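# Summary of structural features
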Amino acid sequence: QVQLVESGGGLVQPGGSLRLSCAASGIIFSAYVMNWYRQAPGKQRELAAAITSDDTTNYADSVKGRFTISRDNAKSTLYLQMNDLKPEDTAVYYCNAKRFINFNIRGDYWGQGTQVTVSS
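Below: a short report on this structure. Not measured: the values here are computed from a predicted model.

The strand order β1-β3-β8-β7 describes an open sheet built from 4 strands, whose pairing is antiparallel. Of all strands in the sheet, those with a lone pairing partner are β1 (3-7) and β7 (67-72), marking the two edges. Shown here is a sheet whose adjacent strand axes are inclined to one another by a mean of 15°, direction ignored. Summarising the sheet, strand β3 (residues 18-25) and strand β8 (residues 77-82) pair through 6 bridges and their orientation is antiparallel. Along β8, the bridge assignment pairs Cys22 with Leu78.

Structure below.
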């Protein structure tokens, strides 16, 4: 019943921008830490950006200053604004929701992923 559906991926030239969206249903959205993970070909999945319920954010060094994560709790939607894209940003981007109780994970949900390709 829980669904996380990503959208907004595509092909873009280096230096371009994309905005990813993740529409959540079946969870109390405001209770979850929301994350964008990405997985490049031949590499492990990595955390690109995270945002807490009170809008505290964290970014991987590789995307800091270029990506902005945000959330709209009223719409149960997560966003990732990606600017100045580089070829190394090419990856499948996954929306993830984690719920913690006393720092223990009580929920962990994943979207299907959306492809971002940065190429000239």
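Two strands pair when backbone bridges link them, and β1 and β3 are joined in this way by 5 bridges, in the antiparallel orientation. Counterpart to Ser7 in the pairing with β3 is Ser21.

This part covers the nonpolar core. Met34, Trp36, Ile69, Leu78, Leu80, Met82 and Tyr93 are the most contacted members of the largest nonpolar core, which totals 29 residues. Of all the secondary structure elements, the ones that give two or more residues to this core are β3, β4 (33-39), β5 (46-51), β7, β8, β9 (91-101) and β11 (114-118).

Among the secondary structure elements, Ala23 is positioned in strand β3. Residue classification places Ala23 among the partly exposed positions, given a relative accessible area of 40%. Residues Ala23 and Asp108 lie 85 residues apart in sequence; the distance between their C-alpha atoms is 15 Å. Those residues in contact with Ala23, other than ones at most four positions away along the chain, are Gln3, Leu4, Val5, Ser76 and Thr77.

Here is what the cut-offs are and how they apply
- Residues numbered from 1 in each chain as written.
- Predicted model: local features only at pLDDT ≥ 70, side-chain atom pairs only at ≥ 80, totals over all residues.
- Heavy atoms only, no water.
- Pairing = 2+ DSSP bridges.
- Helix = DSSP H or I, 4+ residues; strand = E, 2+ residues; numbered from the N terminus.
- Axes fitted to C-alpha atoms, helices over the stretch in contact; angles between N-to-C directions.
- Core = buried A, V, L, I, M, F, W, Y, C linked by side-chain atoms within 4.5 Å.
- Buried < 20%, exposed > 50% of the residue type's maximum accessible area, 1.4 Å probe, protein only.
- Contact = heavy atoms within 4.5 Å.

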